[in-house]
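Residue-level structural notes
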Amino acid sequence: MNSRMKALRAIAIPLAALFASIPALAAGSETWTVDPVHSTAQFTARHFGIVPVIGTMPIVRASVELNPGSQIPVSVTAELDASKIDTHNDHRDSDLRSAHYFNVTETPPIKFVSTKITGTDPSHFTIAGDFTMHGQTHSITLSAQVVAAGKTPHGRSIIAYAATATIDRTQWGMTYGPLIVGNNVDLSINAEADAPEGT
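Residues numbered from 1 in each chain as written. Predicted model: local features only at pLDDT ≥ 70, side-chain atom pairs only at ≥ 80, totals over all residues. Heavy atoms only, no water.

So, the layout of surface pockets
Sizing a probe to match a water molecule and rolling it over the atoms shows the empty space that remains. Of the voids in this model, the largest pocket is the one considered here, and its volume is about 900 Å³. Every residue lining the largest pocket is counted, 46 residues in all, and those nearest its centre are Gln42, Phe43, Met57, Val185 and Leu187. Here the lining of the largest pocket gets 6 residues from one element, more than from any other, and that element is strand β2 (residues 40–47). Looking at the lining of the largest pocket residue by residue, the class counts come to 36 nonpolar, 4 polar and 6 charged. (1 Å grid on protein atoms, 1.4 Å probe; cavity = no way out; pocket = protein on both sides within 12 Å on 5 of 7 lines; lining within 4 Å. Points joined across faces, edges and corners; volume = space filled by probe spheres on them. Helix = DSSP H or I, 4+ residues; strand = E, 2+ residues; numbered from the N terminus. Nonpolar A, V, L, I, M, F, W, Y, C, P; charged D, E, K, R; others polar.)

Focus on the nonpolar core
In this structure, Met57, Phe102, Ile110, Phe131, Met133, Tyr161 and Ile167 are the most contacted members of the largest nonpolar core, which totals 41 residues. Among the elements that make up this core, the one with the highest residue count is strand β9 (residues 157–168) (5 residues). With near-sequence residues (within four places) excluded, Ile167 lies in contact with Phe131, Met133, Ile140, Trp172, Asn183, Asn184, Val185 and Leu187. (Core = buried A, V, L, I, M, F, W, Y, C linked by side-chain atoms within 4.5 Å. Buried < 20%, exposed > 50% of the residue type's maximum accessible area, 1.4 Å probe, protein only. Contact = heavy atoms within 4.5 Å.)

Focus: the environment of Ile110
In this fold, Ile110 is placed in strand β6 (residues 110–121). Along the chain, Ile110 and Thr132 lie 22 residues apart, while their C-alpha atoms are 5.4 Å from each other. Once residues lying within four places of it in the same chain are set aside, the contact partners of Ile110 are Met57, Ala78, Glu79, Leu80, Ala82, Phe102, Phe131, Thr132 and Met133.

What to know about the pairing of β6
Here 4 bridges tie strand β5 (residues 75–80) to β6, and the two strands are oriented antiparallel to one another. Bridge assignment links Leu80 to a residue of β6, and that residue is Ile110. Summarising the sheet, β6 and strand β7 (residues 124–133) pair through 8 bridges and their orientation is antiparallel. Residue pairing for β7: Lys111 is matched across the bridge by Thr132. (Pairing = 2+ DSSP bridges.)

Observations regarding the pattern of salt bridges
For the structure on display, the rule yields 2 salt bridges. Residue Glu79 is joined to Arg61 by a salt bridge in which the shortest nitrogen-to-oxygen separation is 2.9 Å. Separated by 18 residues along the polypeptide, Glu79 in strand β5 and Arg61 in strand β4 (residues 59–66) bring together distant segments of the chain. The salt bridge involving Glu197 is made with Arg156; its shortest N-O contact spans 3.2 Å. With a gap of 41 residues between them, Glu197 in the segment after β10 (184–194) and Arg156 in the loop between β8 (136–151) and β9 connect regions that are remote in the sequence. Relative accessible area serves as the criterion here: at 65%, Glu197 is assigned to the exposed category. (Salt bridge = Lys/Arg side-chain N within 4 Å of Asp/Glu carboxyl O.)

What to know about unusual backbone geometry
A positive phi angle, near 65 degrees, is found at His88, a position not held by glycine. Counting through the fold element by element, His88 comes out in the loop between β5 and α2 (90–97). For His134, which is not glycine, the phi torsion reads 60 degrees and is therefore positive. By the secondary structure assignment, His134 is in the loop between β7 and β8. The exposure class of His134 is buried, given its relative accessible area of 18%.

A look at the pairing of β8
In this sheet, β8 lies alongside β7 in antiparallel orientation, the contact comprising 9 bridges. The residue of β8 that forms the bridge with Asp130 is Ser139. Connecting β7 to the next strand, β8, in antiparallel fashion are 2 residues, including His134 with a positive phi near 60 degrees. Here β8 pairs with β9 via 8 bridges, running antiparallel. Bridge pairing in β9 links Ser143 to Thr164. Linkage of β8 to β9, two consecutive antiparallel strands, is achieved through a turn of 5 residues, within which Gly155 is found at a positive phi near 90 degrees.

Put into structure tokens, the structure is as follows:
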């Protein structure tokens, strides 16, 4: 065997081992679907930087990847619909949808894709990820926990998660009205993750 063949073999063998291991890792995990009807995405901003104003956005779709026997996610994805923002005031909601803030007619949906999940305690772990809002993507870290777990009357397994974070809206280019709305916004997610059918 000439030196070139030896070199190619030296590269090919570890690459083959690497790619062979990837399906085995993926095959062991399960995709749990977040139920939008029983999940909420809530935010709290401060009017004049003083008075808390609470709003919600629908979770359009979300999923949680779990390894069998574990309640701590391997990965998390979520999409929110800012066009249906609700702060219980039509005038304020219209302004939030406008180019002043979320600019919902021109920017893509709000999305979160986890990049790293840290911790082994279901009562406290962190989910770092890329958060896309107002057409920009930046990293955030959510403090998360398993609230409860059990089965529905039909025997399907479910897990309730809660997660919180505080972000600076100006980091996403949302700088309008600094004297009207405080820059720091608290996020709060409560989600029901449903096991795959039959589990």
